[in-house]
Amino acid sequence: THWPGNAANIITAAASLYALTGEQKYADYINQQMDECMFLSGVWVGMDFDVPGQMSNYIDEVQHGQVVEALCKYYKYCDPSVRDTVKMHLDTWSSFWKVKSQSAYGIDVSILKPWFGGCGWMMQIGEKMLTVALTLNDLECLNIGSAMFDFVTGMNPMGASFIVGCGDTLGCEPFARAYQ
């Protein structure tokens, strides 16, 4: 499962090329990667549990989620005989994020990181949840993705948006220590 380059970029390129050209070699490449890799704790890894390609670390794929987007794109165009395999990988990824412990506000607190208040992470995972929701018509992914978006843009206990330009009230960093 090791090759030069970022695994996510290569799979994304193959999915795009397959969608545009229909050439089987691109589908074969993605199918091979699906046979040799899997999502483990929300991260695309090889059967040796190492990140394939030259990603900087496991967090890289969680943050950017390109494999999820690539598989969603591929799902629309792939041969029906492999559609269940693509769906299984997408379900494995989304299931990991669905079962994480919830805060009192229904927001997945497991992805809140001490830096940037976790809002960037919430939006990254939320965006991928919405992509999976559109691809698989998954209502639970839609609800999680929209809840994350709403929380970050002001529908939270403080009524403050964490994104400049969204909402009337821009809050300070609620997850940072007061002395920082």
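Residues numbered from 1 in each chain as written. Predicted model: local features only at pLDDT ≥ 70, side-chain atom pairs only at ≥ 80, totals over all residues. Heavy atoms only, no water.

Enquirer: Explain the packing of aromatic side chains here, please?
Expert: Each pair of aromatic rings is reported with the distance of its centres and the angle of its planes. Counted by the stated rule, this structure contains 1 aromatic pair. Each ring, one from Tyr-18 and one from Tyr-74, has its centre 5.7 Å from the other, and the planes form 65°; the classification is edge-to-face. Of the two residues, Tyr-18 is situated in helix α1 (residues 7–21) and Tyr-74 in helix α4 (residues 66–77); the sequence distance between them amounts to 56 residues. In this structure, Arg-83 packs its charged tip against the face of Tyr-75, placed 5.3 Å from the ring centre. (Phe/Tyr/Trp six-rings, centres within 6.5 Å; stacked < 30°, edge-to-face > 60°. Helix = DSSP H or I, 4+ residues; strand = E, 2+ residues; numbered from the N terminus. Lys NZ or Arg CZ within 6 Å of the ring centre and 35° of its normal.)

Enquirer: I tried to follow the nonpolar core on my own but got confused; where do I start?
Expert: Nonpolar side chains in soluble globular proteins tend to be buried together. The biggest cluster of nonpolar side chains holds 38 residues, and the ones touching the most others in it are Leu-71 and Tyr-74. When residues of this core are traced back to their parent elements, those giving at least two are α1, α2 (24–36), β1 (37–40), α4, α5 (80–98), α6 (119–136) and α7 (139–152). Discounting chain neighbours no more than four positions away, the residues touching Tyr-74 are Ala-15, Tyr-18, Ala-27, Ile-30, Asn-31, Met-34, Val-82 and Val-86. (Core = buried A, V, L, I, M, F, W, Y, C linked by side-chain atoms within 4.5 Å. Buried < 20%, exposed > 50% of the residue type's maximum accessible area, 1.4 Å probe, protein only. Contact = heavy atoms within 4.5 Å.)

Enquirer: Help me understand the packing of α4 against α6, please; the structure alone is not making it clear to me.
Expert: To describe two helices that pack against each other, one gives the angle between their axes and the distance between the axes. Close contact between α4 and α6 brings their axes to 10 Å; oriented N to C, the two are set at 15°. The angle between the axes of α4 and α6 places the two elements in the roughly parallel class. Remark: the crossing between α4 and α6 carries left-handed chirality. Packed against α4, whose contacting residues are Val-68, Glu-69, Cys-72 and Tyr-75, the element α6 presents Glu-127, Lys-128, Thr-131, Val-132, Thr-135 and Leu-136 at the interface. A per-class count over the contact of α4 with α6 returns 5 nonpolar, 2 polar and 3 charged. (Axes fitted to C-alpha atoms, helices over the stretch in contact; angles between N-to-C directions. Parallel < 35°, antiparallel > 145°, perpendicular 65-115°, else oblique. Left-handed = near helix turned anticlockwise from the far one by under 90°. Nonpolar A, V, L, I, M, F, W, Y, C, P; charged D, E, K, R; others polar.)

Enquirer: Just checking my understanding: could you explain unusual backbone geometry for this structure?
Expert: Negative phi is the rule for most residues except glycine; trans is the rule for most peptide bonds. A positive phi is found at Asn-137, a non-glycine position, where the angle reads about 55°. The topology assignment puts Asn-137 in the loop between α6 and α7.

Enquirer: Just checking my understanding: could you explain the pairing of β1 for this structure?
Expert: Side chains on a regular strand alternate between the two faces of the sheet. Of the two faces of β1, only one is covered, namely that formed by Cys-37 and Phe-39; the face formed by Met-38 and Leu-40 stays uncovered. Where β1 meets strand β2 (residues 43–46), 4 bridges bridge the pair, whose relative direction is antiparallel. Paired with Phe-39 across the strands is Trp-44, a residue of β2. Here β1 hands over to β2 after 2 residues, with Ser-41 in that stretch at a positive phi of 55°. (Pairing = 2+ DSSP bridges.)

Enquirer: I keep staring at the packing of α1 against α2 and nothing clicks. Help me out?
Expert: Interhelical geometry of α1 versus α2 gives an angle of 145° and a closest axis separation of 8 Å. Seen from above, α1 lies across α2 with left-handed handedness. Contact with α1, carried on its side by Ile-10, Ile-11, Ala-14, Ala-15, Leu-17, Tyr-18 and Thr-21, involves Gln-24, Tyr-26, Ala-27, Tyr-29, Ile-30 and Gln-33 of α2 and no other residues of that element. Split by residue class, the contact of α1 with α2 holds 10 nonpolar, 3 polar and no charged.

Enquirer: Help me understand the confidence of the model for the protein in this model?
Expert: As a note on interpretation, predicted positions should not be read in detail where pLDDT is low. Summarising the model, the protein shows a mean pLDDT of 76, and 68% of its residues fall at 70 or more. Considering each helix and strand of the protein separately, the mean pLDDT is smallest for helix α3 (residues 58–64), with a value of 54, and largest for α2, with 94. Every residue in residues 111–117 scores below 50 in pLDDT, and together they form 16 contacts with partners more than four places removed in sequence or on other chains. Overall, residues 176–180 carries pLDDT values under 50, and its contacts beyond four positions in sequence, including any with other chains, amount to 0 contacts. (pLDDT = per-residue confidence, 0-100.)

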